[in-house]
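Commentary on secondary and tertiary structure
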Amino acid sequence: MSLDVSLFKRLESLLGPDFSSLHLCVAFSGGLDSTVLLHLLAQLAPRLHFRLSTVHVHHGLSPNADGWAVHCERFALSLGIPCEIHRVSVERHGDGLEAAARDARHAVFAALDYDWVVLAHHRGDQAETVLHRLMRGAGVHGAAGMRAMDASRRLLRPLLDEPREALLAWAQTHGLIWIEDESNADARFRRNFLRNEVLPLLRTQQAGVEANFARAAGLFEESAQLLDELAASDAAQIAPGTAGSLDALRQLSAPRARNLLRYLLVQAGALPPATDRLVEALRQLHEAQDGVRLLFGDLALCTWRNAVWIEAESNAPAEPQVWRGETELQWHGGVLTFAPGAGSQALRMKPDGSVRIVTRKGGERLRPHADGPSRAFKQLAQEADIPPWRRQRLPCLWQGDELVWIAGLGANAAWHCTEGESGWIVAWSGSERPDRQ
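Everything quoted here is computed from the prediction, not taken from an experiment. (Residues numbered from 1 in each chain as written. Predicted model: local features only at pLDDT ≥ 70, side-chain atom pairs only at ≥ 80, totals over all residues. Heavy atoms only, no water.)

Details of the overall build of the chain
Of regular secondary structure, the chain possesses 14 helices and 19 strands. A compact globule built from 437 residues would reach a C-alpha radius of gyration of about 22 Å, whereas the chain, at 29 Å, exceeds it by more than 25%. The burial tally for the chain puts 46% of its 437 residues in the buried class. Averaging the positions of the 46 positive and the 52 negative side-chain charges in the chain gives two centres separated by 4 Å. (Helix = DSSP H or I, 4+ residues; strand = E, 2+ residues; numbered from the N terminus. Rg over C-alpha atoms; globule rule 2.2 N^0.38 Å. Buried < 20%, exposed > 50% of the residue type's maximum accessible area, 1.4 Å probe, protein only. Lys, Arg positive; Asp, Glu negative; His and termini not counted. Charge placed at Lys NZ, Arg CZ, Asp CG, Glu CD.)

In structure tokens, the structure reads:
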């Protein structure tokens, strides 16, 4: 089967038979793979009636980077296809320069206004990815390699099953000219080492080794989907955030509980945590007598009163604010709302700049009932069953030198409006526990 027919069938299997409403954008580096992909799609676009554009990310890492951008723009225009050039600044991080450049590219892709960004990864790239991730100790999710369709990021890889030899043959047959990136020969980059030294050596021992790696990636992907389905089923049964969810988690086998925690963290936006982190987290969840709060990047795994849940990490101190009649104010990951009201639910505050919003400093007391004593903040928080770490972020409203209201704990009785008297009803979206939302 010719490469253009194979590409058409692959696109049809991924996107369905009707392409007429789609706008595709090729990520065009100017190398062999993306040159062939762009050339193929440029031939298919008039027949299938989709719109086609291309984007070139200028990393600025090579002395030839400016020339590459010019080449890409000219080649795209020769096919009648618009080309966007995006210059990025690559900031090296702990995972190395390759990963930093990839992060910069994908940040560009995420901001593009197209239906799909089409990438030119082929079977050899998939083999490299599987090997690279296995070297880093990846589980089945990582070893599943790249997906032909990544709907969450609007990425397509329609050449993922094609060998590089097929792309090279197409380019030579059609007289295409492409860029050779000099950094591709640098074995200090791990992917280059795998591509240029490891895989050729493996081919001498096993014919079709790249196809075998690609097949293994598909099997890993299937296993990963089954694990996610099991975790989703467990999550539905356990209902994280509700009373009893911690006991329910503890009833699972250790591998199944780790699978659930990994799934919940990734679904919430965390990077897949290492197994040893999950082992330690599960140990603490089993031994916890009271609240536990474990950090995973920007998220926290929390337990309190036999409930377990994941929430955003927000330990940074909130800056004091002044309320001047706004209906909403952002506060510590939540939103303070102020609505006009009347009667005992409203507070007789004045929107004249005299109301301050601060976190607790210590020693705060409220008199919740006019005929009762004043109560200490700690006592009220314990009775309201608010976890200790959340108490430090509760907004406290002061008017002048008087404490008026504390989120989740209530208001000073003296500040409640009387029947028919107008005031303000205050609420904070971040004050509830998960099982009360």
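Observations concerning the sheet that holds strand β3 (residues 83-87)
The six strands are arranged β3-β2-β1-β4-β6-β5 in an open sheet whose pairing can be described as mixed. Two strands bound the open sheet, and with one partner strand each, they are β3 and β5 (149-150). Across five bridges, the pairing between strand β1 (residues 23-27) and strand β2 (residues 51-58) is parallel. Counterpart to A27 in the pairing with β2 is V55. Contacts from helix α3 (residues 65-78) reach β2 and β3 within the one sheet, and its direction differs from that of β2 by about 175°. (Pairing = 2+ DSSP bridges. Contact = heavy atoms within 4.5 Å. Axes fitted to C-alpha atoms, helices over the stretch in contact; angles between N-to-C directions.)

Details of the packing of aromatic side chains
Per the stated rule, a full pass over the model turns up six aromatic pairs. Look at W323 and F338: their rings are 4.7 Å apart centre to centre, the planes differ by 15°, and that puts the pair in the stacked class. In this pair, W323 is assigned in strand β10 (residues 321-323) and F338 in strand β12 (residues 334-342), connecting sequence segments 15 residues apart. When the ring of W323 is compared with that of W424, the centres are 5.0 Å apart and the planes differ by 85°; the resulting orientation is edge-to-face. One end of the pair, W323, is in strand β10; the other, W424, is in strand β19 (residues 422-428), with 101 residues separating them in the sequence. There is no split in this pair, since W323 and W424 are both buried. Among the aromatic residues, those joined into a cluster by ring pairs are W304, W309 and W389. Taking NZ or CZ as reference, R277 lies 4.2 Å from the ring centre of F296, over its face. A cation sits over an aromatic face here: R305 above W304, 4.1 Å from the ring centre. (Phe/Tyr/Trp six-rings, centres within 6.5 Å; stacked < 30°, edge-to-face > 60°. Lys NZ or Arg CZ within 6 Å of the ring centre and 35° of its normal.)

Some points on the pairing of strand β13 (residues 355-358)
Strand direction decides the pairing type here: β10 and β13, joined by three bridges, are antiparallel. Counterpart to W323 in the pairing with β13 is V355. Across four bridges, the pairing between β13 and strand β16 (residues 396-399) is antiparallel. For R356, the partnering residue across the bridge sits in β16 and is W398.

Things to note about helix α4 (residues 97-111)
An ideal rise of 1.5 Å per residue puts 21 Å on 15 residues; α4 measures up with 22 Å between its terminal C-alpha atoms. Buried residues belonging to α4 abut β1, β2, β3, β4 (116-118) and β6 (155-156). (Expected span 1.5 Å × (residues − 1).)

Quick notes on helix α11 (residues 254-267)
Taking 1.5 Å of rise per residue, 14 residues should cover 20 Å, and α11 covers 20 Å from first to last C-alpha, within 8% of that figure. Turning to α11, its buried residues number three or more, namely A257, R258, N259, L260, L261, Y263 and L265. Of the surrounding elements, those touching the buried residues of α11 are α9 (209-238), α10 (245-250), α12 (275-287), β7 (292-296), β8 (299-304) and β9 (307-312). Following α11 by one or two positions, G269 adopts a phi angle in the positive range, close to 115°.

Examining the environment of A27
Looking at the element boundaries, A27 is found in strand β1. Between the alpha carbons of A27 and L37 there is a distance of 9.3 Å; along the sequence they are ten residues apart. Discounting residues that sit within four places of it in the chain, A27 has contacts with S34, V55, F109, V117, V118 and L119.

A short note on the state of the cysteines
Following the criterion strictly, the structure yields zero disulfides and no others. Between C25, a cysteine without a disulfide, and C83, which holds the nearest cysteine sulfur, the sulfur-to-sulfur distance is 8.4 Å. (Disulfide = S-S within 2.5 Å.)

Let's talk about the packing of α9 against α11
It is at 9 Å that the axes of α9 and α11 come closest, and there the two elements cross at 90°. With respect to α11, the axis of α9 lies roughly perpendicular. Contacts from L227, D228, L230, A231, A232, D234, A235 and I238 of α9 reach α11 at R256, N259, L260, Y263 and L264. Its residues assigned to classes, the contact of α9 with α11 shows nine nonpolar, one polar and three charged. (Parallel < 35°, antiparallel > 145°, perpendicular 65-115°, else oblique. Nonpolar A, V, L, I, M, F, W, Y, C, P; charged D, E, K, R; others polar.)

Observations regarding the nonpolar core
Counting 39 residues, the largest nonpolar core has V36, L41, F50 and L52 as the members making the most contacts within it. When residues of this core are traced back to their parent elements, those giving at least two are α1 (3-15), β1, α2 (32-48), α3, β4 and α7 (164-173). Looking at which element gives the most residues to this core, the answer is α2, with ten residues. (Core = buried A, V, L, I, M, F, W, Y, C linked by side-chain atoms within 4.5 Å.)

Section: the environment of L380
With respect to the helices, strands and loops of the structure, L380 is situated in helix α13 (residues 377-383). The exposure class assigned to L380 is buried, which follows from its relative accessible area of 8%. As for L380 and A216, which are separated by 164 residues in sequence, their C-alpha atoms are 57 Å apart. In contact with L380, not counting residues within four places along its chain, are L366, P368, R375 and L409.

These results come straight from atomic positions and should not be treated as a statement about function.
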